[in-house]
Amino acid sequence: MEKRTIFKYISVTICVLIVIAVIVVVVVYTRKVYPERSKLLIDNDAGGDDAMAIFLALLYEKYFDGPQLIALTTGNGNTNEDNVSRNNQRILKVAQRQDVPIYRGSKSSIVFTPESTNYFGKDGLGDVDEVITDLVPPQQQNAVDALISLSKKYEGELTVVTIGALTNVALAIKVDPGFLNRLAHLYIGAGHINGDNHPEPEFNAHVDVEAYHIVMQSATPDKVSVFPFSQTYAFLNFTKEWRLDVLGAIDTDIMRAQNQYERIAIPQEDGWAALDPSVVAAVINPNLVEEYKYSKYDIILCGDKRGINTNEFVEQDKANVRIVYKVNSEEYKQFLLDVFSAELKTKSGS
Ligand SMILES: *[C@@H]1O[C@H](CO)[C@@H](O)[C@H](O)[C@H]1NC(C)=O
Ligand SMILES: *[C@@H]1O[C@H](CO)[C@@H](O)[C@H](O)[C@H]1NC(C)=O
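Residues numbered from 1 in each chain as written. Chains lettered and ligands numbered in written order. Predicted model: local features only at pLDDT ≥ 70, side-chain atom pairs only at ≥ 80, totals over all residues. Heavy atoms only, no water.

Participant: Quick rundown of the site of ligand 1? Include the residues and the values.
Facilitator: If you check the shell around ligand 1, you find Thr79, Asn80, Asn83, Asn118, Lys122 and Asp123 and nothing else. Note that an oxygen atom of ligand 1 is positioned 3.1 Å from one of the backbone N or O atoms of Lys122. Taken by itself ligand 1 offers 360 Å² of open surface, and the protein chains cover 52% of this. Grouping the amino acids of the shell around ligand 1 by side-chain chemistry returns no nonpolar, 4 polar and 2 charged. (Near = heavy atom within 4 Å. Polar contact = N/O pair within 3.5 Å; in protein donor to acceptor, adjacent residues only side chain to side chain. Areas by Shrake-Rupley, 256 points an atom, 1.4 Å probe, with all protein chains shown as cover. Nonpolar A, V, L, I, M, F, W, Y, C, P; charged D, E, K, R; others polar.)

Here it is as structure tokens:
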């Protein structure tokens, strides 16, 4: 080869390398500055504890660049679906986030609908006597259609969290068997794992036992995680004093509303252990999770043990779900305090 040709060859190569390097730097930089926000949908039966979970997601989105809450879907559970839908409107109003669409879902369970326990009051949010105006109405599209269409619109990016019964998700799976596969992940806040300590069915699981079984039949551990209430009791059960005098003392409209929503439920227990916010916390801040386990997991449909979960810890390739087994108790407490007080710090800091 002639010397000139070699020089030309080398300089072209260098130019190409420089162009590639610039592209890589630009891509890495823009990803850092504008990271893709993952999308979150919360299926709920609000419910005082659902309210805390929804507030947590909205505050984490706003003050900590957390996942974007793109929708709420409703179902029967803590109270009937009419009340749940209205409660979702009320929660979004308090959070000043009525831009988040609400899609209304199941009015009853697939086979058998247990009666409401009024644990959080008849209206599900503490039966506070107040006049509430300017609520933004829910969407026309129903929750099951919305779950399916949003899973298509945000294929691979959408995380669905259920903190009520599994009716809507079970119906979505039946209508569209590709539903679960299009999700980034499905997190289920329902069920128990240690039957010895928990001989009764877990509430969310027992509201729609058939729906729970349908979801477990379709679950794979890469797509579905279960956060059992037994694990909240085991690791995230705090004193009522902490709930009322420390967390509850945060001086914001959101915490004041939250205290009202739980005012009927809190006195009924010895401690304070709320499943729904612990599930959302584990989803939006996975650093809180200290241990996952894989399980062959399901629910008993018939007989005295209807609603009781069956659980066998196995290797991932034999499992149908991943279990959120252990969450760091102290870090979780601090997380709740940090997120619920974030708006105060922003106000005083600026
Ligand atoms: C819904 O809320 C109203 C009060 O707003 C209450 O009277 C009614 O009993 C609730 N429904 C159910 C099923 O709890
Ligand atoms: C939760 O903690 C309280 C004390 O704060 C205790 O009395 C109660 O038994 C605990 N509940 C469970 C289910 O462990």
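On we go from here.
Participant: Quick rundown of the sheet that holds strand 3 (residues 102-103)? Include the residues and the values.
Facilitator: The strand order 3-2-1-4-5-6-11-9-10 describes an open sheet built from 9 strands, whose pairing is mixed. Of all the strands in the sheet, just strand 3 and strand 10 (309-313) have a single pairing partner and so form its edges. Set on the sheet, helix 8 (residues 209-218) makes contact with strand 5 (185-189), strand 6 (224-227), strand 9 (289-299), strand 10 and strand 11 (321-327); between it and strand 9 the angle comes to about 110°. (Pairing = 2+ DSSP bridges. Helix = DSSP H or I, 4+ residues; strand = E, 2+ residues; numbered from the N terminus. Contact = heavy atoms within 4.5 Å. Axes fitted to C-alpha atoms, helices over the stretch in contact; angles between N-to-C directions.)

Participant: Talk me through the pairing of strand 9; I want residue IDs and the actual numbers.
Facilitator: Successive side chains on a regular strand alternate, one facing one side of the sheet and the next facing the other. As judged from the 6 bridges shared by strand 9 and strand 11, these two strands associate in the antiparallel manner. Across the sheet, residue Val289 finds its bridge partner in strand 11, namely Val327.

Participant: Pulling in residues and values, what's your account of the site of ligand 2?
Facilitator: All residues in the neighbourhood of ligand 2 are listed as Tyr233, Asn237, Phe238, Thr239, Asp270 and Gly271. Between an oxygen atom of ligand 2 and a side-chain N or O atom of Asn237, the distance comes to 2.4 Å. Here the residues of the shell around ligand 2 sort into 2 nonpolar, 3 polar and 1 charged.

Participant: Tell me about a nonpolar patch on the surface, residues and numbers included.
Facilitator: A cluster of nonpolar residues, Val12, Val16, Leu17, Ile20 and Val24, forms a patch on the protein surface that exposes about 440 Å² of accessible area. Examined against the element boundaries, Ile20 turns out to sit in helix 1 (residues 3-33). Its relative accessible area of 46% is what places Ile20 among the partly exposed residues. (Patch = residues over 30% accessible without salt bridge, like charges linked within 9 Å, V, L, I, M, F, W, Y side chains within 5 Å. Salt bridge = Lys/Arg side-chain N within 4 Å of Asp/Glu carboxyl O. Buried < 20%, exposed > 50% of the residue type's maximum accessible area, 1.4 Å probe, protein only.)

Participant: If you had to explain the side chain of Thr73 to someone new, which residues and values would you point to?
Facilitator: Locating Thr73 in the fold gives a position in strand 2 (residues 68-74). For Thr73, the side chain forms a polar contact with the side chain of Asp43, separated by 2.6 Å. Apart from residues no more than four positions distant in its own chain, Thr73 is found in contact with Leu41, Ile42, Asp43, Asn44, Tyr103, Ala143, Leu147 and Asn168.

Participant: Give me the lowdown on the pattern of salt bridges, citing residues and values where you can.
Facilitator: Summed over all chains, the structure comprises 14 salt bridges. One salt bridge connects Arg97 with Asp99, and the closest N-O pair in it is separated by 2.8 Å. Classification of Arg97 as buried rests on a relative accessible area of 17%. Overall, the relative accessible area of 53% leaves Asp99 in the exposed class. Overlapping salt bridges bring together Glu81, Asp82, Arg104 and Lys107 as one network.

Participant: Outline unusual backbone geometry, listing residues and values.
Facilitator: Along the chain, Ala46 connects to Gly47 via a cis peptide bond; the corresponding omega equals -15°. Following the sequence through the fold, Gly47 ends up in the loop between strand 1 (39-44) and helix 2 (48-64). In the Ramachandran plot, Asn118 falls in the positive-phi region, its phi being about 55° despite a non-glycine side chain. On the secondary structure map, Asn118 appears in the loop between strand 3 and helix 4 (143-153). On the basis of relative accessibility, which here comes to 32%, the residue Asn118 falls in the partly exposed class. One non-glycine residue, Asp134, lies in the positive phi region at around 60°.

Participant: Outline helix 11 (residues 253-261), listing residues and values.
Facilitator: Turning to helix 11, its buried residues are Ile254, Met255, Ala257, Gln258 and Tyr261. Burial along helix 11 is one-sided: seen end-on, the buried residues are contained in an arc of 160°. (Arc of directions from axis to C-beta.)

Participant: Explain the nonpolar core residue by residue, including any values.
Facilitator: The tendency in soluble globular proteins is for nonpolar side chains to be buried as a group. Core analysis: the biggest nonpolar cluster contains 55 residues, and Ile42, Leu56, Leu247, Trp272 and Phe340 have the highest contact counts within it. Secondary structure elements with two or more residues in this core: strand 1, helix 2, strand 2, helix 3 (81-94), helix 11, helix 12 (275-284), strand 11 and helix 13 (329-340). The element that contributes the greatest number of residues to this core is helix 2, accounting for 10 residues. Each residue touching Ile42, except ones within four places of it in the same chain, is listed here: Ala53, Ile54, Ala57, Leu69, Ala71, Leu72, Thr73, Val161, Ile163 and Val280. The next biggest cluster of nonpolar side chains, apart from the first, holds 39 residues, and it includes Ile70, Ile193, Ile299 and Val321. (Core = buried A, V, L, I, M, F, W, Y, C linked by side-chain atoms within 4.5 Å.)

Participant: Go over helix 8, please, and point to the residues and values.
Facilitator: Taking burial as the measure, the 10 residues of helix 8 include 8 buried ones, the bulk of the element. Of the positions making up helix 8, those classed as buried are Val209, Glu210, Ala211, Tyr212, His213, Ile214, Val215 and Met216. Where helix 8 begins, the capping side chain belongs to Asp208, and its oxygen is found 3.4 Å from the backbone nitrogen of Glu210.

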